[in-house]
Amino acid sequence: MKPPHAAAVLTALILAAGVANINLSVANVALPTIGLAFDASQDALNLVAVAYTLGLAGTVLYLGALGDRFGRKRMLLIGVAVSIPAALLAAFAPSLPVLVLARLIGGVAAGAAYPTTLSLITALWSGKARTQAIAIWSGAGAALSVMGPLSAGWILEWATWGIAFLVAIPLAVVSIVLVVAVVPSGVHESSEPVDHLGGVLSIIAVSSLAFAVHTLASPDEAGKALAFLAVAVVAGGVFAWRQLHVSEPLYDLRVAKRRVFWVAAVSGTIVFGSLTGAIYVGQLFLQNVLGYSPFEAGLSILPAALLLLASAPVSGILVERFGSRVVFLLGFGISLAGFAVMLLTWNIDTGVVPVGVAYGLIGIGVGLAGLPASRSLTGSVPVRRAGMASSTSDLQRDLGAAILQSLLGAVLTVGYTASFGRRVAEVNADQTLGLTVGPEITGQLQKSYSGAEQIAEQYPQYHDQVIGAARDSFLAGAQAAYLIGIIAMAVGALIVAIWFPRKSREDELFAQYAREDAEPPTT
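Everything numeric in this text was worked out from a predicted model, so none of it was measured.

### Focus: the overall build of the chain
Next, step 1: Regarding its fold elements, the chain presents 20 helices and 0 strands.
Next, step 2: Split into buried and exposed, the 523 residues of the chain put 59% on the buried side.
Next, step 3: Restricting the contact set of the chain to residue pairs at least 6 apart, pairs at least 24 apart contribute 84%.
Next, step 4: Per element, the accessible surface of the chain, about 19,200 Å² overall, is 68% carbon and sulfur.

### Regarding the pattern of salt bridges
Next, step 1: Applying the stated criterion across every chain yields a total of 4 salt bridges.
Next, step 2: Salt-bridge contacts for Arg242 lead to Asp195; the nearest nitrogen and oxygen are separated by 2.7 Å. Of this pair, Arg242 sits in helix H9 (residues 222-245) while Asp195 sits in the loop between helix H7 (169-182) and helix H8 (196-215), and the two are 47 residues apart along the sequence.
Next, step 3: Given the relative accessible area of 24%, Arg242 is considered partly exposed.
Next, step 4: Judged by its relative accessible area of 4%, Asp195 falls in the buried class.
Next, step 5: The salt bridge involving Asp507 is made with Lys503; its shortest N-O contact spans 2.8 Å. Of this pair, Asp507 and Lys503 both sit in helix H20 (residues 503-516), 4 residues apart, which is roughly one turn of that helix.

### As for the side chain of Asn288
Next, step 1: Relative to the elements of secondary structure, Asn288 occurs in helix H11 (residues 259-288).
Next, step 2: Its relative accessible area of 9% is what places Asn288 among the buried residues.
Next, step 3: Setting aside residues up to four positions removed in sequence, Asn288 forms contacts with Pro32, Tyr449, Arg471 and Phe474.

### As for the environment of Ile169
Next, step 1: Mapped onto the secondary structure, Ile169 falls in helix H7.
Next, step 2: Relative accessible area serves as the criterion here: at 18%, Ile169 is assigned to the buried category.
Next, step 3: When neighbours within four sequence positions are excluded, Ile169 is seen to be in contact with Ile84, Ala87 and Leu88.

### Notes on the environment of Leu244
Next, step 1: Looking at where Leu244 falls in the secondary structure, it is placed in helix H9.
Next, step 2: A relative accessible area of 41% places Leu244 in the partly exposed class.
Next, step 3: As a C-alpha pair, Leu244 and Arg254 span 10 residues in sequence and 7.9 Å in three-dimensional space.
Next, step 4: Beyond its immediate chain neighbours, meaning those up to four positions away, Leu244 contacts Leu253 and Arg254.

### A word on the packing of aromatic side chains
Next, step 1: Evaluated as defined, the whole model comprises 11 aromatic pairs.
Next, step 2: Ring centres of Phe328 and Phe500 lie 5.7 Å apart, and the angle between their planes is 70°; this geometry places the pair in the edge-to-face category. Pair noted here: Phe328 is in helix H14 (residues 324-345) and Phe500 is in the loop between helix H19 (463-499) and H20, with a separation of 172 residues, a long-range link. Considered together, Phe328 and Phe500 belong to a single accessibility category, that of buried residues.
Next, step 3: Chaining the aromatic ring pairs together yields one cluster made of Phe285, Trp346, Tyr359 and Tyr482.

### A short note on the packing of H11 against H19
Next, step 1: Close contact between H11 and H19 brings their axes to 10 Å; oriented N to C, the two are set at 165°. In terms of axis orientation, H11 runs roughly antiparallel to H19. Of the two elements, H11 crosses H19, and the hand of that crossing is left-handed. Contact with H11, carried on its side by Arg259, Trp262, Val263, Val266, Ser267, Ile270, Val271, Ser274, Val281, Leu284, Phe285 and Asn288, involves Arg471, Phe474, Leu475, Ala478, Ala481, Tyr482, Ala488, Met489, Gly492, Ile495, Val496 and Trp499 of H19 and no other residues of that element.
Next, step 2: Tallied by class, the residues present in the contact of H11 with H19 amount to 18 nonpolar, 4 polar and 2 charged.

### Topic: the side chain of Gln243
Next, step 1: Checked against the element boundaries, Gln243 lands in helix H9.
Next, step 2: Ignoring any residue separated from it by four or fewer positions in sequence, one finds Gln243 in contact with Asp195, Gly198, Pro249, Leu250, Tyr251, Leu253 and Arg254.

### Here's the deal with the confidence of the model for the chain
Next, step 1: Residues with a pLDDT of 70 or more make up 88% of the chain, whose mean pLDDT is 82.
Next, step 2: Taken element by element, the predicted model of the chain shows its lowest mean pLDDT in helix H17 (residues 439-447) (69) and its highest in H14 (94).

### Details of helix H15 (residues 352-378)
Next, step 1: Spanning 27 residues, H15 covers 39 Å between terminal C-alpha atoms, matching the ideal 39 Å at 1.5 Å per step.
Next, step 2: Counting buried residues in H15 gives 21 out of 27 residues, a clear majority hidden from the surface.

### Some thoughts on a nonpolar patch on the surface
Next, step 1: Taken together, the side chains of Ile78, Val82, Leu89, Leu101, Leu104 and Ile105 define a hydrophobic patch exposed on the protein surface, amounting to about 430 Å² of accessible area.
Next, step 2: Of all the elements in the fold, those that place two or more residues in the nonpolar patch are helix H4 (72-91) and helix H5 (96-124).
Next, step 3: Examined against the element boundaries, Val82 turns out to sit in helix H4.

Definitions and cut-offs
Residues numbered from 1 in each chain as written. Predicted model: local features only at pLDDT ≥ 70, side-chain atom pairs only at ≥ 80, totals over all residues. Heavy atoms only, no water. Helix = DSSP H or I, 4+ residues; strand = E, 2+ residues; numbered from the N terminus. Buried < 20%, exposed > 50% of the residue type's maximum accessible area, 1.4 Å probe, protein only. Contact = heavy atoms within 4.5 Å. Areas by Shrake-Rupley, 256 points an atom, 1.4 Å probe, with all protein chains shown as cover. Salt bridge = Lys/Arg side-chain N within 4 Å of Asp/Glu carboxyl O. Phe/Tyr/Trp six-rings, centres within 6.5 Å; stacked < 30°, edge-to-face > 60°. Axes fitted to C-alpha atoms, helices over the stretch in contact; angles between N-to-C directions. Parallel < 35°, antiparallel > 145°, perpendicular 65-115°, else oblique. Left-handed = near helix turned anticlockwise from the far one by under 90°. Nonpolar A, V, L, I, M, F, W, Y, C, P; charged D, E, K, R; others polar. pLDDT = per-residue confidence, 0-100. Expected span 1.5 Å × (residues − 1). Patch = residues over 30% accessible without salt bridge, like charges linked within 9 Å, V, L, I, M, F, W, Y side chains within 5 Å.

Right under this line is the structure:
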């Protein structure tokens, strides 16, 4: 089954999702320029990059439930509309805290819009038509997120960094017009009350977890990281207890414990996060170490966008024939190969071919794994709870992006800082140089790559030595981040290999869930 004017409806939903995807990724290519503009530390730049996903991941479960109850189309329009002033605030932010706030607001807006697009697909399509629609939506959406840095890089060739945040506004305006015109209202929406307390607890739990991972980058903030983690555990525990005892749960844990649901959720979190993390670290590496312009760095992601878009429809064919488990494992394996290329070939002399190959492999891997992740979630829940599946699908993307981007960023920061610290210690220990690097300059050198560039400008007689040390130190941190990416892909593949059912059993479970629909779920 598919809705009337299906192509127009799907186009409207893809464009609306594209607003969230582009806004998610557009900051990455501008980070080096932002760092220079605000004299920001690497940790502060990590926060600019991750603030959007914090806002999105933290609110998506609650806002998805509100959409199910009070109107998915209305929630979609609210989210896309709010993204416009959030983008304007980011573009003209006078300080780094204002920029972070703007990114956070934009993420909350995406939390209202993005999951609603998938829940509408779940409600309007069924059977193979739904699988095809999700494949197109998944591939186009992920490709648009990759295209964000490309468009931002082009803008930075002739304009200031703030203009890059305006790139999604025209798309937002067009999508609002299309959604109003063609997307139907009131399709399989719930009349059940919303668990508002559960929604607040979900926001606290998810946001605290993401902040805990983010603060790991700062050795002197270990106490803060542990505090955030403790809050996440407590809030998550209370949330889970409430969902098991409240009459109308915000998030049905009895459904969530189904293998095809929770394995897909965890696997999707890892594989989608790998794309965001790879782009984040890669953009900084290409501009800082290899000297790419913002546009050249954005252009380097094009293989990921094109191959992701091409592999998503192939994923639908493979899932129908071989099942989600095989396609998941294939996607993880290819993504792992992409990180391996980064680890083994990306250095200070890397050419364009290894860069394109690495990004292309990760694009194929995410394109293959994206469809089974979304399909398994939507096939495991009743249509009336489509918001739960779509919110989880969005959560896996954005919590994955927040966690892996923060984790890779933390590893990058720690590796860079430690490596530069060793370089400074070697210089201070070598008495033949007649040079001592004081603690203030050392702190500026270790602060970020842009901080090292400023020191190099202040002391031109040591320019080459400072920049060379900064490149080597950044490379050391980046390689550690790529290794974490490889480990994450291996863990994801292991989870799928052990717990996700084979095709015959998967088909049986989906058929059983379709029959049950509103009946009490089983494992």
